[in-house]
Amino acid sequence: MKVDPIKRALELRKTVVKNDKILVVDYSGTLQGKDTSKVIDVMPNINTGEHVFRFKFNVKEADPLARKKYKRDFFDVSEKTDKEIEDFVKKHEFDFPLWYKHTKRFKMKNILDYNPPQIIQVAGCNFHDGNATGGCWYCYVDNKSNDGKPCTGKAYLSIGDYIESAIANRERVKEIYKEQADTDMDIRVLRFSGGEPMIALDYLLELWRKIDKKGLDFVGQLDTNLSTGIVVDKFEKEGIYEKNILEKLSRFEIKVLTALKGCDEQNVQDNVQALTTLEDQEYSLRKILNAGLDIYPQAYNPNPETLKKYLTDMDKKIKNFSLKIHIGPLKAYGPTKQRLTLEAERLGINPDKFIKKTQEKWDSNYKNSCEVINDYLMKACGVGYKETVRPDVELKVIK
Ligand code: SF4
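Asker: Which residues make up the overall build of the protein chain, and what are the values?
Answerer: Along its length, the protein chain carries 13 helices and twelve strands. At 20 Å, the protein chain has a C-alpha radius of gyration in line with the 21 Å of a compact globule built from 399 residues. Counting every position in the protein chain, which comprises 399 residues, the buried fraction comes to 47%. Contacts in the protein chain between residues at least 24 apart in sequence constitute 77% of all its contacts with a sequence separation of at least 6.

Asker: I'd like a rundown of the packing of helix α11 (residues 304-317) against helix α13 (residues 351-381), residues and numbers included.
Answerer: Helix-helix packing: each pair is described by the crossing angle between the helix axes and the interaxial distance. Two elements in contact, α11 and α13, have axes whose closest approach is 9 Å; the angle formed by their N-to-C orientations is 35°. Crossing hand, α11 versus α13: right-handed. Residue-level contacts link Pro304, Leu307, Lys308, Leu311 and Asp315 of α11 to Asn365, Asn368, Ser369, Val372, Ile373, Tyr376 and Ala380 of α13. Classifying every residue of the contact of α11 with α13 by side-chain character gives seven nonpolar, three polar and two charged.

Asker: Can you break down the pairing of strand β5 (residues 154-158) residue by residue, with the values?
Answerer: With respect to burial, β5 is a largely interior element, four of its five residues being buried. Summarising the sheet, strand β2 (residues 21-25) and β5 pair through five bridges and their orientation is antiparallel. Note on β5: the bridge partner recorded for Lys21 is Ser158.

Asker: Now, about helix α1 (residues 5-16): what can you tell me, with residues and values included?
Answerer: Here α1 is twelve residues long and its end C-alpha atoms lie 15 Å apart, about the 16 Å a rise of 1.5 Å per residue gives. Along α1, the residues that are buried comprise Pro5, Arg8, Ala9, Leu12 and Val16. Taken down its axis, α1 places every buried residue within 100° of arc, on the same side. With respect to the buried face of α1, the exposed residues turned more than 90 degrees away are Lys7 and Lys14. Structurally, α1 contributes buried residues whose contacts are with β1 (17-18), β2 and α7 (229-237).

Asker: Got a sec to walk through the sheet that holds strand β9 (residues 294-300)? Specific residues and values, please.
Answerer: The seven strands are arranged β3-β4-β6-β7-β8-β9-β11 in an open sheet whose pairing can be described as mixed. The open sheet has two edge strands, β3 (54-55) and β11 (326-328), and neither has a second partner. For strand β6 (residues 189-193) and strand β7 (residues 219-224), the ladder comprises four bridges, and the chain directions are parallel. Bridge pairing in β7 places Leu190 opposite Gly220.

Asker: Describe in detail the site of the ligand, supporting the description with residues and values.
Answerer: The local shell around the ligand consists of Cys125, Phe127, His128, Gly135, Cys136, Cys139, Val141, Asn146, Gly194, Gly195, Asn225 and Val272. Here the residues of the shell around the ligand are counted per class, giving six nonpolar, six polar and no charged.

Asker: Mind laying out the environment of Gly49, listing which residues take part and the relevant values?
Answerer: Locating Gly49 in the fold gives a position in the loop between α2 (31-35) and β3. Each C-alpha atom, one on Gly49 and one on Lys396, is 45 Å from the other, the two residues being 347 residues apart in sequence.

Asker: How would you summarise unusual backbone geometry if you had to cite specific residues and measurements?
Answerer: Residues Gly194 and Gly195 are joined by a peptide bond in cis, for which omega reads 10°. By the element assignment, Gly195 lies in the loop between β6 and α6 (201-213). One non-glycine residue, Asn320, adopts positive backbone phi at about 75°. On the secondary structure map, Asn320 appears in the loop between β10 (318-319) and β11. At Lys386, a residue that is not glycine, the phi angle is positive and equals roughly 70°. Examined against the element boundaries, Lys386 turns out to sit in the loop between α13 and β12 (396-397).

Asker: For the sheet that holds β2, give the residues involved together with the corresponding values.
Answerer: The strand order β1-β2-β5 describes an open sheet built from three strands, whose pairing is antiparallel. In the strand order of this sheet, the two ends are held by β1 and β5, each with one partner.

Asker: A description of the pairing of strand β4 (residues 118-121) should follow, citing residues and the corresponding values.
Answerer: Burial of β4 is two-sided: the residues Gln118 and Ile120 facing one way and the residues Ile119 and Gln121 facing the other way are all buried. With two bridges connecting them, β3 and β4 associate as antiparallel partners. Note on β4: the bridge partner recorded for Phe55 is Gln118. Relative to β6, β4 runs parallel, the two being bridged by four bridges. Counterpart to Gln121 in the pairing with β6 is Ser193.

Asker: Quick rundown of the nonpolar core? Include the residues and the values.
Answerer: Within the largest apolar cluster, 103 residues are counted, with the highest numbers of intra-cluster contacts made by Ile22, Val24 and Leu204. The leading source of residues in this core is α6, at six residues. Sequence-distant contacts of Leu204, defined by excluding residues within four places in its chain, comprise Phe192, Pro197, Leu222 and Leu249.

Asker: Break down the environment of Gln118 for me, with residues and values.
Answerer: Along the chain, the position of Gln118 falls in strand β4. For Gln118 and Arg286, which are 168 residues apart along the polypeptide, the C-alpha to C-alpha distance reads 27 Å. Residues within four places of Gln118 in sequence aside, it is in contact with Phe53, Phe55, Ala166, Asn169, Ile187, Leu190 and Arg191.

Asker: Describe the packing of α7 against helix α10 (residues 278-290), listing the residues and the values that go with them.
Answerer: Where α7 meets α10, the axes come as close as 8 Å, and the angle between the chain directions of the two elements is 60°. As the angle between them shows, α7 and α10 are arranged oblique. Note on element contacts: α10 touches α7 through Asp280, Tyr283, Ser284 and Lys287, opposite Gly229, Ile230 and Val232. When its residues are assigned to classes, the contact of α7 with α10 shows three nonpolar, two polar and two charged.

Procedures and definitions
- Residues numbered from 1 in each chain as written.
- Predicted model: local features only at pLDDT ≥ 70, side-chain atom pairs only at ≥ 80, totals over all residues.
- Helix = DSSP H or I, 4+ residues; strand = E, 2+ residues; numbered from the N terminus.
- Rg over C-alpha atoms; globule rule 2.2 N^0.38 Å.
- Buried ≥ 20, exposed ≤ 12 C-beta atoms within 10 Å, placed from the backbone.
- Contact = placed C-beta atoms within 7 Å.
- Axes fitted to C-alpha atoms, helices over the stretch in contact; angles between N-to-C directions.
- Left-handed = near helix turned anticlockwise from the far one by under 90°.
- Nonpolar A, V, L, I, M, F, W, Y, C, P; charged D, E, K, R; others polar.
- Pairing = 2+ DSSP bridges.
- Expected span 1.5 Å × (residues − 1).
- Arc of directions from axis to C-beta.
- Near = placed C-beta within 6 Å.
- Core = buried A, V, L, I, M, F, W, Y, C linked by C-beta atoms within 7 Å.
- Parallel < 35°, antiparallel > 145°, perpendicular 65-115°, else oblique.

Just distances and angles here, no functional claims.
See below:
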């Protein structure tokens, strides 16, 4: 049974936001915490000890500690020119550090400061129905972390604790890099992920107002599954959110990861197990873009058969849209494997075979979709996929 994502978002709001706090994932003991603490361990809310911060190393080859852990060849930015660094990162699986290229303090030589964001995750997703196999099939979040229920494995985080902890964590990371790699690191990015963070934009706005007032030099990333534009409208109408909340957020240096969940109706609903639509996806995307926010569309498991039509249609509506899309490869991490195992057991089939088959399908969709977008871009714009630096691509709503 597919979940109604709007109804679910409204339910989640009741538990996810409590006074001036939000319910976030405490990664201790989670499969996701285990998957993502290989380079730097999860870190606490310094006032409660709950481990609500994790780090993700986007360009592992360029980070002196991550490349060792993941056994990659080292790309030493200190020995490269700005152009070499930019060229290396733009082709990368996650070009996230480059997103900040046009922000005030960014220098290509300091790109590592933008490479591992401090991530908190709103502990509820409106694509998740609260059952053991809910949410997107490929979701990397533990099932329990996404059900919105206040319980062990989740914690309420105030804005004050968030800021104090983020500053303390930055200092701790600095010490680690000094001790272990003789490298100066001043990590900058605060990533507001989920779950679906768009159901707690009031918290995010207050957070950034406080960061700004304190003169802190953080920059932000906001993630969304692009189903909740209508929810933002409703919250603004009802006074839960201030009017024009996204426009207000756009005054801060926040980049938005807009997850494209598919390129045709069936593709979207099959990926997310929710009754969301292409129309909802486009509405949310336009709403964020029209507010003046800089968006980075990441497509997950698009259908290669319908991708070209999708790109053609979207480029007629939003100028340069296809130039700003990246396709995200999918890997079955701990929580993904657990979800697929439960589904295989429900279907009465072998879990290992089911996981293997699913992974093969994701890999083939990824490979074929990269070819489709490359061909499309070569014909439409004369450049190949990932030959453009995304922060240089300006999107313009045409109709
Ligand atoms: S939208 Fe994101 S958090 Fe929600 S179920 Fe899908 S992948 Fe997981």
